[in-house]
Structures are given as C-alpha cells and as structure tokens.
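# Report on the structure
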Amino acid sequence: MYNFRHLTKEDIPQLASYSQRVYPYRGSQARPIIDFWVARHVNAVKDILAVEKDGKFYGQEFYSRMGFYYKGIYEDSHWCFDLIVDPELRKDCVGLDFMQYALGEYPNYYCTGSGPDAVKLHLALGKQMLGEIRKYVGIVNPLWVATSLFRGRVSKSKFPQIIEKKWELVDSAEDIPEYKKPFNNDLFEVSRDNEFLKWRFFSDLHPYAFYKNTETNDYFVVTTIVQKHITALVLVDFRCSLADSSAFEKVIKATKKVANKIHVPIAICGSSHSTLDKVLESHHFKSIGRPRPIIGTKKYKKEKESITNRTFAFVTLADSDGETSW
C-alpha cells in the first residue's frame, strides 16, 4: 500500500533526491528551490505532501501559504504546485487518490500551470477554471543579443537605482511599504503583505530587483534568466490599478528601460487579465507557448463571463512557482 503524508525536516534530503530524478533539468538547484519554499514560514515543510512506500518516495505535491482578495474581502488559502506521481503508478489511479487526499488536507487552494492531464483531474474533482496566465515575450533591443550570449544572470548590483525619476530600487526589505489593501477591489487579486514580499524577493534564490513608484507606491519586480544561452529579463511581479491601462503602461515602459540599462534584449511577462494583454501587445509582445491555467477549489459561479473575458483574476508569475525553477 502507498502512504500519503506530510513531510518533516528530516525528509528534505530524500525529497531533494526525488526532485532531481523527476525534474532532471533542475540539477543542483533542486535542493535550493526546496529550501526556498520551506523558508516561507516556520511550519512550511509540513505543507509538502508525498506518496511513500517502504520509505521511498513515488510522488510529491507542494502547498504554500497565500492570501487573496475577492471583491475587496481577504481570505487565507494556499497555492498548490509541483504535483507529480511516478508514471507507473498512474494507471492504478494513485495520482487521483493522492489528489483526493490532498483535497481533504487543503480544501481551499489554487494552482497555476497544471499540465493537460492534471487539469482534467482537477476539474473531475469539482474545481473551477478561473483563467490563465499567458506568457508574453518581447524584443526590447536586438542590439543587445550579442552581449547577452553566454552572459548568465545579471547580479542585482548591475540594476539601475532610479528609472525615469519615479521608480526607485528598493535595496532592503525593511523599506517595502505596507500593502494591506488590494490594488483592485473588483478583482480576484492575490495579496501582497510585507511577509510575502520579504520572503519572495529578498532571498538568495535569484537576484531580484524591486522597484517602487515614489508617487503611487505601485511596484514591479524583475530578474534575469538564461534561455538557450541568451539572458532575458523577466517581469516577475507587479502591482498597480487595472481600472485602465495607464498604470501598467508605466510599468512596462520602466521594465523596458531596465532591460536597456543592463543590456538585455528580451523581456518576458505573464498576463492573467485583458488589460495587461492589450498593453503588452501594443508594445509588440507576443503570447507564446501553452498558457498556465488558473484553477481553484472555490466556486465563482457568477463570474463565468468575466473569467471567459479575462477580467476576473490578477495573478502573476510570482504566484505559485511561475519562475522559481527557470
């Protein structure tokens, strides 16, 4: 019989070995990625579930504490990600049993990026599709392609301190403003409290650059990744009003300025909302690849039209594991 259980700190070495086996592209990053999620809070390791038999792991699923606003009302929840069960067990429905066990442990959660098979299972278990995150890619300046080949990630010290006299680089987590309210009262919007921002962007996982607007307290966060030996800039997270396109227009312009300042030719951004789509497309960004579905256990039956029209959710790549393993 296969056993489903929560993990402890003593399980982390075995979990890292298992993660390296099922996600070989992560290589030596497997353990640092796990350590990053476990650092979320003091009991975060207990939010990792495993399929186990005779002391050996055959599957895993991560949960991470999150909060969100819906119509301005706050609610605690979790993100679910990195669900995987060994292929030889799937024909015996171990994966479905594992998901049912997890649903009993975490009856209120959300996930992004599930594969086609996992999406079918989520929907079969009664969850709802809430939208999708499209990955947009834009060429900022082709002149920087040569300088970005085999360059690697850009350290935070290379990022400019000020952009357009309005965006300042926040060097210390202690200087982050208190974000105790949603930026958009009419949307499903994932919360951004200080605890989350300090953990997410001021750790050692990646060199994140956090820019705050000195006039509005809007912010955006960027980092660099390497894809096919070319360094690209990723707009990982941002918060602004989506009531019209002007606020996000300023974020995109500032992001492109950062890319030019550090001589990076390509910018990447995730979009879950039609307002963001329109701004990105106006800057000649192209939506590529399979979108990351957003799925939740809570039902929003009155929001079917807004979900279809991409006007329901404000979710970024920073929610769940959108870019941590790149």
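### A few points about the overall build of the protein
- The secondary structure content of the protein amounts to ten helices and 15 strands.
- The principal-axis extents of the C-alpha atoms in the protein amount to approximately 60 × 45 × 35 Å.
- For the protein, the share of sequence-separated contacts (at least 6 apart) that also reach a separation of at least 24 residues comes to 74%.
- Total accessible area on the protein is roughly 14,800 Å²; 53% of this is exposed by carbon and sulfur atoms.
- In the protein, which carries 46 positive and 40 negative side-chain charges, the distance between the mean positions of the two groups comes to 4 Å.

### Quick word on a nonpolar patch on the surface
- A cluster of nonpolar side chains, namely Val145, Leu149 and Phe150, defines an oily patch on the protein surface of about 300 Å² accessible area.
- Mapped onto the elements of the fold, Val145 is located in helix H6 (residues 145–148).
- For Val145, a relative accessible area of 34% corresponds to the partly exposed category.

### Description of unusual backbone geometry
- Despite not being glycine, Cys93 has its phi angle at roughly 65 degrees, a positive value.
- Structurally, the position occupied by Cys93 is in the loop between helix H3 (87–90) and helix H4 (94–105).
- Its identity as a non-glycine residue notwithstanding, His263 has a phi of 60 degrees, on the positive side.
- Note on placement: His263 falls in the loop between helix H8 (246–261) and strand E13 (266–271).

### Re the environment of Gly131
- With respect to the helices, strands and loops of the structure, Gly131 is situated in strand E6 (residues 128–139).
- Given the relative accessible area of 16%, Gly131 is considered buried.
- Through-space distance from the C-alpha of Gly131 to that of Glu61 is 22 Å; in sequence the pair is 70 residues apart.
- The residues touching Gly131, leaving out its near neighbours within four places in the chain, are Arg292, Pro293, Ile294 and Ile307.

### A closer look at the state of the cysteines
- This structure, assessed with the given rule, holds zero disulfides.
- Cys111 supplies the cysteine sulfur nearest to Cys80, a cysteine that is in no disulfide, at a spacing of 5.2 Å.
- Of the residues examined, Cys80 reaches a relative accessible area of 3% and is grouped as buried.
- Not engaged in a disulfide, the cysteine Cys93 finds its nearest cysteine sulfur in Cys80; these two sulfurs lie 18 Å apart.

### What about the pairing of strand E4 (residues 73–85)?
- Bridge count between strand E3 (residues 56–70) and E4: eleven bridges; the pairing is antiparallel. What sits directly across from Phe62, in E4, is Phe81.
- Hairpin connection of E3 to E4: two residues between the antiparallel strands, including Lys71 at a positive phi of 55 degrees.

### Notes on the pattern of salt bridges
- Applying the stated criterion across every chain, the model contains 17 salt bridges.
- One salt bridge in this structure joins Arg134 and Glu132, with 3.5 Å as the shortest N-O distance.
- Classification of Arg134 as partly exposed rests on a relative accessible area of 24%.
- The exposure class of Glu132 is partly exposed, given its relative accessible area of 27%.
- The structure contains a network of salt bridges with shared partners spanning Glu189, Arg192, Asp237, Arg239 and Asp319.

Each value, and the rule that gives it
- Residues numbered from 1 in each chain as written.
- Predicted model: local features only at pLDDT ≥ 70, side-chain atom pairs only at ≥ 80, totals over all residues.
- Heavy atoms only, no water.
- Helix = DSSP H or I, 4+ residues; strand = E, 2+ residues; numbered from the N terminus.
- Contact = heavy atoms within 4.5 Å.
- Areas by Shrake-Rupley, 256 points an atom, 1.4 Å probe, with all protein chains shown as cover.
- Lys, Arg positive; Asp, Glu negative; His and termini not counted.
- Charge placed at Lys NZ, Arg CZ, Asp CG, Glu CD.
- Patch = residues over 30% accessible without salt bridge, like charges linked within 9 Å, V, L, I, M, F, W, Y side chains within 5 Å.
- Salt bridge = Lys/Arg side-chain N within 4 Å of Asp/Glu carboxyl O.
- Buried < 20%, exposed > 50% of the residue type's maximum accessible area, 1.4 Å probe, protein only.
- Disulfide = S-S within 2.5 Å.
- Pairing = 2+ DSSP bridges.

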